[in-house]
Amino acid sequence: MRAFMSSHIGKKRSRNPTNMESLMQGMLAKQDSFLNNNLTGGGIYEQPFIDNENLQPLEDNDNDMSNAVEDDDDDVIFIKEQPVYLASPAVPASDNYTSTTSKKFKKQRTISLPQLPHAKLLYQGRREARGQNNDELLHLTGSSSRTLDGNRALSLRVVYSASPDDISERIYSSVSPPGSSTASASSDSVSSKEGMATATGASLNGSNPHKRSLRRLSAPRLAARLVGKKPRTKKRENFKTDKDGHYIYRQDDVFGGGRFLVKGLLGQGTFGKVLKCSDSGDFATSNPFKLNSNMVAVKVIRAIDRYREAAKTELRVLQAIRENDITGQYQCLMLQECFEYRHHVCIVTDLLGKSVYDFMCSNGVARFPGSHVQAMAKQLIRSVCFLHDLGIIHTDLKPENVVLCDESYVEKDLPPSVIRGLSTRRREASGGRRKLLKNPEIKVIDFGSAVFHKEYHPPVISTRHYRAPEIVLGLGWSFPCDVWSIACVLVELVTGESLYPTHENLEHMAMMQRVNGEPFPPKIVGKMFYKSSHNLGNLPSDLNSTVVKHFDKKTLSLQWPEKNKRGDYLTKDKSIRRVMDNCDRLDFLITSKVKADYGDWLSIDWNISPEKNWALIKSRILSERKTSGTTAGDLNKETFLFWYWFIDLCRKMFEFDPTKRITAREALDHKWFNLGILDEGITSFGEL
Ligand SMILES: Nc1ncnc2c1ncn2[C@@H]1O[C@H](COP(=O)(O)OP(=O)(O)OP(=O)(O)O)[C@@H](O)[C@H]1O
């Protein structure tokens, strides 16, 4: 009972009807092929469930201008209809589906400009998951014993090296009396995981009935028997670890019982190194949902107890994701397996493309076109919605942790004026060209800081630029902190620059107020004073010295720029400039960046309705046309509406008070996701 939007083009009036129409037709054809061959193949497009609640948002209320099919400025109308489902008890189950052409039911609202198919992804989560912004949840600091118990229950298979030395060691331990085995001493507990090798540390201890036959095998073959895999090579496993517990990266190293061959370094962080490896194991070829034949990413965690412990929580999160999303449709990194090797926890996952951050760095124009931002936003919010429904808070959403599934792109030459304005580094990295992805499909990675909502919550989480105000103010945090981080990411995708380029609390808070165009609500500042004075909850250690002291106890307002008693400024000029130059109210900030594509006509003021905004733009265009004969260029009403509602969504995600912030689930239903835009991201989509 699967049905997708039926689409048709109804032509109204067009400046260049033939071009526009063929462009739209081309887009439709690409969408169809994408739906049928690509995303649907991976199960990304879900069958919408039958639910009256899901018959939304159909028609918008008074403010909705995007239904404006009668408007003079419309060129081509690109009508899309969501399938309509009924859940009336009077209707037999088999009749619940109604075709999109039925007159009985309301159509999905009209879209005048095209969208990428990703922007239409549906989310069929657990309906019972509610109250994610509940005040009590925010003050839950989580139980550390739950975290420890959870980690203790995790089984890690120990894999031994195929090198002769290690094998003799294994033979030795395999014939040792039960309980004295080095295998059981070094493993946290041993069991096999679904789809993984069955040989385990337990099978190697003294009670193993096969120990005599194991002793007769050559070293590499013995290793293979131990891990249940074919060894890649007889080459010695020269895998080395430095004094900080980091694996010392060397191309062509072999590890994991001869199974993994190191092909490259994908990234390194606090937790360890992420390696690109070719995998000779069975799982690599037998998994139908795998993206990339036998290539995998292996995160080799530092061989230090505290990181090993953290890695176990990461593994539990990855396991929960895999158990609840077997096909990977919610675009989270997929765990293939995990094992312990020479005291390193190794996490094997699908190999993905470069991060969105790296793509931006290598691009002549760091910002993404609106259509790509919308496509990525839908996927990202949907992924986070799925995680939240599982009771998982990611806590470290940032462009580095959003990776591309397909790095291929088309290039466009940039005008010399733009090239001149690029930094030398960017000019060299980009070759003076703008890169446009052919497919903005993404995955969310790095669950190394993810937290189950009932488990231990560290007082400070998130990378600074993406950190929500409730964390900075020490109010306690929960699911809403991810929503704030997503908003920071989305703005960065649109502007190409970090929204909060700062490294300290006072400056960060001043920037937040400037972006939101309002001071912190007295309610949350009052809570901060209460919690800090009563030492309630798990407070950041520097809360008083870097945050609380900057608020006035009576007015509950942030004292920035900081002054001494005589009224002299204590805040340095450089810091004041950083706040004033880099930040502006979000509507002004976004329009100032987006103007690069649509000219000076575009201006949005979130304090006035879209109708009034558009009327102002129109009157400016008209008067200018009279005096200088200029036109509005690429700006039309649909484009304006697209950015207006994008800003509206971000504003709701940047709500200071986490209990009032829009949830990921609510964000999925925001009207911005019903709007389209015709830009370079649409034309580059699926380009050959
Ligand atoms: N499955 C993957 N496919 C491709 N690249 C990956 C994959 N996993 C990680 N990477 C790359 O490795 C980098 C580091 O990975 P990850 O964030 O998981 O490690 P980390 O040690 O937790 O890093 P950090 O300390 O910065 O949080 C990522 O930014 C990404 O570029």
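Residues numbered from 1 in each chain as written. Predicted model: local features only at pLDDT ≥ 70, side-chain atom pairs only at ≥ 80, totals over all residues. Heavy atoms only, no water.

An unreviewed UniProt entry lists the protein chain under the name ZYBA0S05-07162g1_1, from Zygosaccharomyces bailii.

## Here we look at the overall build of the protein chain
Looking only at helices and strands, the protein chain features 24 helices and 16 strands. Taken over 688 residues, the protein chain has a buried fraction of 55%. Considering only intrachain contacts with a sequence separation of at least 6, the fraction spanning at least 24 residues in the protein chain is 74%. Carbon together with sulfur atoms contributes 50% to the accessible area of the protein chain, which is approximately 29500 Å² in total. (Helix = DSSP H or I, 4+ residues; strand = E, 2+ residues; numbered from the N terminus. Buried < 20%, exposed > 50% of the residue type's maximum accessible area, 1.4 Å probe, protein only. Contact = heavy atoms within 4.5 Å. Areas by Shrake-Rupley, 256 points an atom, 1.4 Å probe, with all protein chains shown as cover.)

## Concerning the packing of helix H16 (residues 505–516) against helix H19 (residues 573–582)
To characterise two packed helices, one gives the angle between the axes of the helices and the distance between these axes. Axis separation between H16 and H19 bottoms out at 9 Å; the angle between their running directions is 30°. When the interaxial angle is binned, H16 and H19 end up roughly parallel. Pair H16 / H19 crosses with right-handed handedness. Facing Glu507, Ala510, Met511 and Arg514 of H16, the residues of H19 in contact are Ser575, Arg578, Val579 and Met580. (Axes fitted to C-alpha atoms, helices over the stretch in contact; angles between N-to-C directions. Parallel < 35°, antiparallel > 145°, perpendicular 65-115°, else oblique. Left-handed = near helix turned anticlockwise from the far one by under 90°.)

## Describing unusual backbone geometry
Between Trp560 and the following residue, Pro561, the backbone shows a cis peptide bond with an omega angle of -5°. Relative to the assigned elements, Pro561 resides in the loop between helix H18 (543–546) and H19. If you check the backbone angles, Asn535 has positive phi at about 50° while not being a glycine. Locating Asn535 in the fold gives a position in the loop between helix H17 (522–534) and H18.

## Section: the site of the ligand
Lining the immediate surroundings of the ligand are 19 residues, of which Thr270, Lys299, Asp350, Leu352 and Asp446 lie closest. In the model, a nitrogen atom of the ligand is placed 2.9 Å from a nitrogen or oxygen of the Leu352 main chain. With respect to the ligand, the side chain of Asn401 contributes an N or O atom lying 3.4 Å from an oxygen atom. For the ligand, whose unbound accessible area comes to 620 Å², protein coverage reaches 88%. Within the residue set of the shell around the ligand, elements represented by two or more residues are strand S6 (260–268), strand S8 (295–301) and strand S10 (344–350). (Near = heavy atom within 4 Å. Polar contact = N/O pair within 3.5 Å; in protein donor to acceptor, adjacent residues only side chain to side chain.)

## Focus on the pairing of strand S9 (residues 335–341)
When you tally the buried positions in S9, you get 7 out of 7 residues, the bulk of the element. Pairing geometry for S9 and S10, over 6 bridges, is antiparallel. Bridging across to S10, Tyr341 finds its partner in His344. Where S9 folds back on S10, the antiparallel hairpin that results is connected by 2 residues, among which Arg342 adopts a positive phi of roughly 45°. (Pairing = 2+ DSSP bridges.)

## Quick look at the UniProt feature "binding site: ATP" (unreviewed entry) in the protein chain
As annotated by UniProt and renumbered to match this structure, "binding site: ATP" (unreviewed entry) occupies Lys299. Within the secondary structure layout, Lys299 lies in strand S8. With sequence-adjacent residues up to four places away left out, Lys299 is seen in contact with Phe271, Lys273, Val274, Glu314, Val345, Cys346, Ile347 and Asp446. A distance of 3.0 Å separates the side chain of Lys299 from the side chain of Glu314, its partner in a polar contact. (UniProt positions renumbered as here; feature names shortened; annotations may be inferred.)

## A word on empty space enclosed by the protein
Tallying each qualifying case throughout the model produces 9 cavities of 30 Å³ or more. By volume, the largest cavity is sized at about 100 Å³. Around the largest cavity, the lining is made up of 17 residues, and of these Pro459, Leu475, Gly476, Trp477 and Asn538 lie nearest the centre. (1 Å grid on protein atoms, 1.4 Å probe; cavity = no way out; pocket = protein on both sides within 12 Å on 5 of 7 lines; lining within 4 Å. Points joined across faces, edges and corners; volume = space filled by probe spheres on them.)

## A short note on the sheet that holds S10
The strand order S5-S6-S7-S8-S10-S9 describes an open sheet built from 6 strands, whose pairing is antiparallel. Each edge of the sheet is formed by a strand with only one pairing partner; in this case those strands are strand S5 (254–255) and S9. Where S6 and strand S7 (residues 272–279) come together, 7 bridges link them in antiparallel fashion. By the bridge assignment, Leu265 is partnered in S7 with Leu275.

## Some details on the packing of helix H11 (residues 370–389) against helix H15 (residues 480–495)
Close contact between H11 and H15 brings their axes to 11 Å; oriented N to C, the two are set at 165°. Comparing their axes, H15 and H11 come out roughly antiparallel. Two packed elements cross with a definite hand, and for H11 against H15 that hand is right-handed. In contact with Val373, Met376, Ala377, Leu380, Ile381, Val384 and His388 of H11, H15 contributes Asp482, Ile486, Val489, Leu490, Leu493 and Val494. When the residues that make up the contact of H11 with H15 are grouped by side-chain class, the tally is 11 nonpolar, 1 polar and 1 charged. (Nonpolar A, V, L, I, M, F, W, Y, C, P; charged D, E, K, R; others polar.)

## Focus: H17
An α-helix turns once per 3.6 residues; consequently, residues spaced three or four apart project the same way. With 13 residues, H17 extends 18 Å between its outermost C-alpha atoms, agreeing within 8% with the 18 Å of an ideal straight helix rising 1.5 Å per residue. Considered for burial, the residues of H17 that qualify are Ile524, Val525, Met528, Phe529, Lys531 and Ser532. Of the surrounding elements, those touching the buried residues of H17 are H18. Just past H17, the residue Asn535 takes up positive phi, approximately 50°. (Expected span 1.5 Å × (residues − 1).)

## Quick notes on the nonpolar core
By size, the foremost hydrophobic cluster in this structure holds 128 residues, and its most contacted members are Phe447, Phe520, Phe551, Trp643, Phe646 and Phe654. Core analysis: the next-biggest nonpolar cluster, separate from the first, contains 15 residues, Tyr247, Phe260, Tyr341 and Val348 among them. (Core = buried A, V, L, I, M, F, W, Y, C linked by side-chain atoms within 4.5 Å.)

## Some thoughts on the packing of aromatic side chains
Inspection of the entire model under this criterion finds 24 aromatic pairs. Geometrically, the ring pair formed by Tyr644 and Trp645 is edge-to-face, given 5.0 Å between the ring centres and 80° between the ring planes. Both residues of the pair, Tyr644 and Trp645, belong to the buried class. Through successive ring pairs, a cluster of aromatic residues spans Phe239, Tyr247, Phe255, Phe260, Phe339 and Tyr341. Here the guanidinium or amino end of Arg651 rests over the ring plane of Trp606, the centre of that ring lying 4.1 Å away. Here the basic side chain of Lys671 rests over the ring of Trp645, its NZ or CZ set 4.1 Å away from the ring centre. (Phe/Tyr/Trp six-rings, centres within 6.5 Å; stacked < 30°, edge-to-face > 60°. Lys NZ or Arg CZ within 6 Å of the ring centre and 35° of its normal.)

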